[in-house]
Amino acid sequence: MSGEQQNISRHTLMWLLITNIAILSPLYQQITLWTLAICAICIFWRIGIYLGKVAKPPKWLVTALAIASAATLAMIAKQIGILNAMVNLLILGYALKYIEMRNRRDVQAVVLVGYFLIAFTFIHHQSLLSTLHLLIVTIINSCVLISLFHDKANFINTAKLGSKILLQSLPLALILFLVLPRLAPLWMVPPQNKAQTGLSDSVRFGDINELTRSSALAFRATFSGAAPTNEQLYWRAIVMEDYDGKSWQQNPRISSQQAIEPQTANMTPAATVNHLPALNSRTLRQFDYSIIAEPSYQRWLFGLDVANTQERDIRLLADFSLLADRPIEQKRLYQVSSLEHIMEPKISREVASTNLALPQTSNPKTRALAQRFALEYAEPKARLNAMMAYFTEQPYYYTLRPPKVGEQQIDDFLITNKAGFCVHYASAFAFMARVTGIPARLVTGYQGGELNSTAGYYSIYQYMAHAWVEVWLADEGWVRFDPTAMIAPERVEQGFDAFFDPQTSYLIDNPFSSLALRDNPFLNNVRMRLASVDYFWSTWVLGFNEQKQQRVLKEILGNVTQTKVIIFIIISLTVIGLAIAYSAGIIQFSRSTDKHLNAYYTVCNMLAKRGLARAHHEGPQAYNLRVSQSFPSIDADFTKLTQYFIALKYQNMDAKRVKRFSRLLIKQSRWLKIKILKQRLALNNATT
Amino acid sequence: MQKHGDKLTRQTLTVGWNKWLSRRLPASKQVTLSHKSIFILPSGFGLAWLVLVVLLFLLGTNYQNNLIMALSLLLLSVFNTCIIYSYKNLSGLTLTSKQQTGYFAGSPIYYPIQLSSKQQAVEIQCQFKGQPLHTLKTVTAQASQLLVTVNNPHRGVNRPGRLKIESRYPLGLCRAWSQVDLDLSQLVFAKPINDPNPIRFISKPGDDPQTSGKYVTGVDEFKGLKEYQTGEPLKQIAWKQWAQGRGMLTKEFEQPQGSPMWLTLDENSHDIELALSHLAWQTEQLTAHNQVFGLTLSGHSIPPNHGQKHRMQVQTQLALFPRKTLLKAHQ
C-alpha cells in the first residue's frame, strides 16, 4: 500500500521512545546485562536520530548486530532458561527494529512485539499495581498506532484518544474474560530457570534457620467453614524418611513417584483417599479451604493432615503430600479438603524398615538415651510421650542461633548444647524413636498463619517454616509429634511472632518489609487492608478458574446453558457497541427536533418510493401540484397536509393556533401514510 | 478449461458485485457516506492483530496466566471498538464533484472533488481504481478540495468509474471504505502531435497553407475601433463615437486571406489515432495563428471559423471520433 511508504513523523517517534522505555523497564529482571547494553545503545541512537544528530544505521550493521545477538542468546539459552532466552530475543528484536524503522509497517511490527513483551511481563508481575501499570503501558503502546494518523495532533489528543479506546474496550474484555472457557495448558511450556524459594527437598541443621529470616509470603489460605486453631495449622509440604547422619531426604520410593508423567501416574488423589478407612472412634472433622501459593519454582504444595484435592494437575503422593505437575511459577490457587483420616493403618515391611533405618554407629549417646526410654516404657505411645516430656524436663533452649554441631550432630545438640530450633528437636526425636523400633519420619512445612480479619484469610510467611515428626503407631497410622511445642509452646499456640522478636529474625534482612508496620496499630490496619485487596485480586482475578467461572455465571444467569451464554454475549456486545457508538457521536438519541418537518417528510418519502420524489429545490406547493397530477386519489388529503405544513412553517401564528395546526398536521400525516400504504398493498395484490 | 471457468466465474462475480453496488449506491453528483455505503473489513495489520490475540491467548492458557488472557481479550475488544471508530471516521463524509473540462490525452487529468464532514475525519484516502492515491490529513465541516488524478487517459470521454474512499483510522486495524459513483466524466482531447507533413486541407490550389485562412485587414468583418491616423479613408471614421465626444476613431475591418481551410481525416490511414493527433495539433496551430478553418470528419462537418470557441468545437469533434479498437471490440 502506498500509504505505508510514508515516513514516520516526529510525533510517532516521540511516542515510540516513550513506549520503548515503558515496555522495557518492567522487564528488568529478565534482561541480561548485554541485552540491556544493546537496548541502551539503540535507545540513545534513536534519541540521536530524533534530535537530528545522527544518521540512521546502515542495514548491514543492524543485520550483523541481530545475528550476533541471536547467536549469543542461543549459546546462553541453557544457562538462563528457554523462556528468558525467548524474552531476551524479543527484546533485542524490539530494540533493533526500533532503530531500523523506516515506514508504517515497521512501526506496526514494533507495536505488536511490544504487546508480546507486555504479556511476558505478566508472567512475573501479577499484583494489582503491576496490572494497572501494565494497562497504562498497553495504552501507551496503542497510542503509537494512533500517532501514525495524528501527524500534527498534539500529544494530549493522541493520549486522550488512546486511553478512550482502551478504556471503552475494557467492559467487553471483562465479559469475554467471564464467559470464555478456561482451557488446560495445550502443551508444556519450558520451565523457568529461577532460584527456588521456600522449603527444599533435603533438610540439614540450619536450613530452616535461613527461612526464618525471610518475610516473604509463602501462601495464603481461606477456610470456607470453621477454621482450625493456630496449633492445628500444621501445613505439611515434604516428608523425609532417609537420614544419613547429616541430612534428611526424601525416600526414593516417593521421589521416583514425582518423576512419573502425570498421564501415567497411577496415584489419583480420589482413589488414594477412598481407600482410607475412617477413624471410627472419632467423629470425622473436615476442613475445606483454598490456598493461593506464591511462586516458589518448586512443585511442593501445602495441605493440612490428609489433604485431598480435585485439581487435575496436583497429585497426592504416597506420603500424603501434594505435588503439582509443574513448578509453581506464578500464583497458584487450588482447593483442598482435609480429613482427619488415619494415615496408612498398615505399612509394608519395606516402608517400616525405611523409617527405622539409621546410619551405623552414629550418635552413640543419643542411642543410649533412647535405649533407656525403651527399657522404661514398653508401650510405644507412653515411650514417645516420655521422650516429649524429656525436652521440658531438661534445660532445653529454643533459639534461631544455635551453637555449632560436630560430626555426631544429634549427640552434640541433644546432650551437649541443648539449644536449637525445630529441625534439631525434630531430628533428635525421630532418631530416638527409630532407635527404639518405632517408625518415624521428618515432615517440613509451615506452622501457623497470620489471620487477616478484614478479608478472613491466613497469610503464611516463609519465616513460619517448621519441621516436626510423624511416628507410625499400629492402628493409628502416622501420628504427628512436635517436640518444638514442648520447648516453646507459644511458638505453636500463638504463632512464630509470639516467641521471636521480628527484628532479630525475619526483619533482619528486610528492614523495610511491610511486616515492620505491625507495631503501629494504624499502619498495621492499612497494611491489612492493602493485603486484603491483594488477596481478593489473587482469588478473583489471578485465581479465576473453571469453578469460579461457573459460580459467577450462575450468579448472573441462573442455570448456565450454552444458549444463555450466547444470548448474554450478544446482548452485552450490542449494549457495549451502542454505548461506544453513542460516545463516539454516531448515534444521537434526540430525534430530528422538528416534528412538523418529520411528519411532512415521512409522507414525501413514501411518495418517493412510489416514484415521485421531491426535488431538493422544489417547494411544497410545486410538489403538491405534481402529486395532485400523479396521484389524484390522495390529492385532497395531500393538499391539506401541504397547507398545514406551509402554515406552520411560514406563517406567524400565536401559540394556540400553532398547537392546533400541529395536531392537525400530524393527524393528517398519519392518515395519509395509512392511505398510501393501503394503496400500495392493493397494487401489490393486483400485480400478483 | 479449468482456468477458463475460473475466469468466467470471477467475471460473473465482478459483474454481479458491480450491479449490486450500482443498485445500492447509485450515481450522484453529491454523496454523503452512511451505513449504506460504508464497508468495513480487517486490514492486513488487523489480521496480524487477530493472530497476536490468538497467540497471547495460547500463551496465557499454557502458563495458566489469567492476566495474559485478559490482555489478549482486551486487544480483541479493542479491535471491536476500532470497527465503530473507523465507521465513525467515514460516516457523514460528503463528497461533491465539480465539473472541469479540457484536458489532452497523455498528460494526467484531474477531477476536483470537494470533501466535507460534520465531524472531523482523519486521514481520508481517495483513489480511482488503478490510479494514484491521494491522502487528506483532516476533513472538517469546511469543504476542502482535492484533485484526484487519472494518469494516461485515452482520447474520448473519460469515465474514471467509482471513487474509492478509504480510511484506516484510528489504529489501522480496520479498512473502512466506500466506492461512490459521483457520475464523473470528462472529455479528453486527442494528444496533439507535431505533423511533419504539410497540413492536409482542401482549398483553392495556389493558396499558401501558412497564410491561407489568416485574417488580414479587409472590408468584410468588423474587428474593432482604433485611433484615427491621418490619411485613413473618411468613410471608415466612426462618426457616432465622434459625436459622443470620444474623439476621432476609425472602424477597422478584416477578412480572411484566401479561401478557408478544411481539415480532413484520412480514414484509410493505418494509424487513425496518430492522424487524429496530427489534426489536434493542427487545430492548435491554426488557432494560435488566428486562421480560419473548418473540419470534416466522416461526413460530419464544422463550418470554417476561428477563435477559442471554434477550437473547442473542433477538438471535441476530434475527441469523440469513435476509437477503432472500440469498434473492433464491438464487432
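Note that the structure is a prediction, hence the values are computed from the model and not measured.

Digging into the overall build of chain A
A count of helical and extended segments in chain A gives 25 helices and 19 strands. A burial count over chain A gives 35% of its 688 residues as buried. Taking as baseline every contact in chain A between residues at least 6 positions apart, the subset at least 24 positions apart corresponds to 72%.

A look at the interface of chain A and chain B
If you look at the interface, chain A gives 43 residues, while chain B gives 41 residues. For the side of chain A that touches chain B, the secondary structure elements donating two or more residues are α5 (104-124), α6 (128-149), α7 (155-179), α19 (521-542) and α21 (562-584) of chain A. Sort the elements by how many residues they give to the side of chain A that touches chain B and α7(A) lands first, with 10 residues. Of the residues assigned to the side of chain A that touches chain B, the class counts are 30 nonpolar, 12 polar and one charged.

Thoughts on the domain arrangement of chain A
Examined at the domain level, chain A breaks down into domain 1 (2-149), domain 2 (155-182 + 545-586), domain 3 (203-358 + 441-534) and domain 4 (595-687). The centre of domain 1 of chain A, based on its C-alpha atoms, is set 65 Å off from the matching centre of domain 4 of chain A.

What to know about the confidence of the model for chain A
All names here are of chain A. Looking at chain A, pLDDT values average 82 and 90% of them are 70 or higher. Predicted confidence in chain A is weakest over helix α10 (residues 269-274), with a mean pLDDT of 43, and strongest over α6, with 92. Note on residues 1-5: pLDDT under 50 across the span, and eight contacts to partners over four residues away in sequence or across chains. For the stretch residues 261-282, pLDDT sits under 50, and the model shows 29 contacts to residues farther than four places along the chain or on other chains.

As for the domain arrangement of chain B
Residue and element names in this part refer to chain B. If you check the domain split of chain B, you get domain 1 (27-189) and domain 2 (215-330). Each of domain 1 and domain 2 has a C-alpha centre, and the two are 48 Å apart. Facing five residues of domain 1, the contacting portion of domain 2 comprises eight residues. No other element matches strand β12 (residues 186-189), which puts three residues into the side of domain 1 that touches domain 2.

Topic: the sheet that holds strand β4 (residues 242-243) of chain A
Working definition: the strands of a sheet are paired by backbone hydrogen bonds and lie parallel or antiparallel to each other. Residue and element names in this part refer to chain A. Sheet architecture is open: three strands sit in the order β1-β5-β4, paired in antiparallel fashion. Strand pairing shows two members of the sheet lacking a second neighbour, β1 (202-204) and β4, which therefore form its edges. Both β4 and strand β5 (residues 247-249) contribute to a ladder of two bridges, which runs antiparallel. Within β5, the position partnered with tyrosine 243 by the bridge is tryptophan 248.

Here's the deal with the nonpolar core
Core analysis: the largest hydrophobic core is formed by 112 residues, its most contacted members being Ala119(A) and Leu71(B). At 15 residues, the largest contribution of residues to this core is made by helix α3 (residues 66-90) of chain B. Ignoring anything within four residues of it in the chain, the contact list for Leu71(B) reads Ile118(A), Ala119(A), Phe122(A), Thr138(A) and Leu56(B). Core analysis: the next-biggest nonpolar cluster, separate from the first, contains 87 residues, Val336(A), Tyr396(A), Tyr398(A) and Ala426(A) among them.

Quick notes on the environment of Ser353(A)
Assignment of secondary structure puts Ser353(A) in helix α11 (residues 349-354). The spacing of Ser353(A) and Thr197(A) is 156 residues in sequence and 32 Å in space, taken between C-alpha atoms.

Scoring rules and cut-offs
Residues numbered from 1 in each chain as written. Chains lettered and ligands numbered in written order. Predicted model: local features only at pLDDT ≥ 70, side-chain atom pairs only at ≥ 80, totals over all residues. Helix = DSSP H or I, 4+ residues; strand = E, 2+ residues; numbered from the N terminus. Buried ≥ 20, exposed ≤ 12 C-beta atoms within 10 Å, placed from the backbone. Contact = placed C-beta atoms within 7 Å. Nonpolar A, V, L, I, M, F, W, Y, C, P; charged D, E, K, R; others polar. Domains from an automatic or database assignment. pLDDT = per-residue confidence, 0-100. Pairing = 2+ DSSP bridges. Core = buried A, V, L, I, M, F, W, Y, C linked by C-beta atoms within 7 Å.

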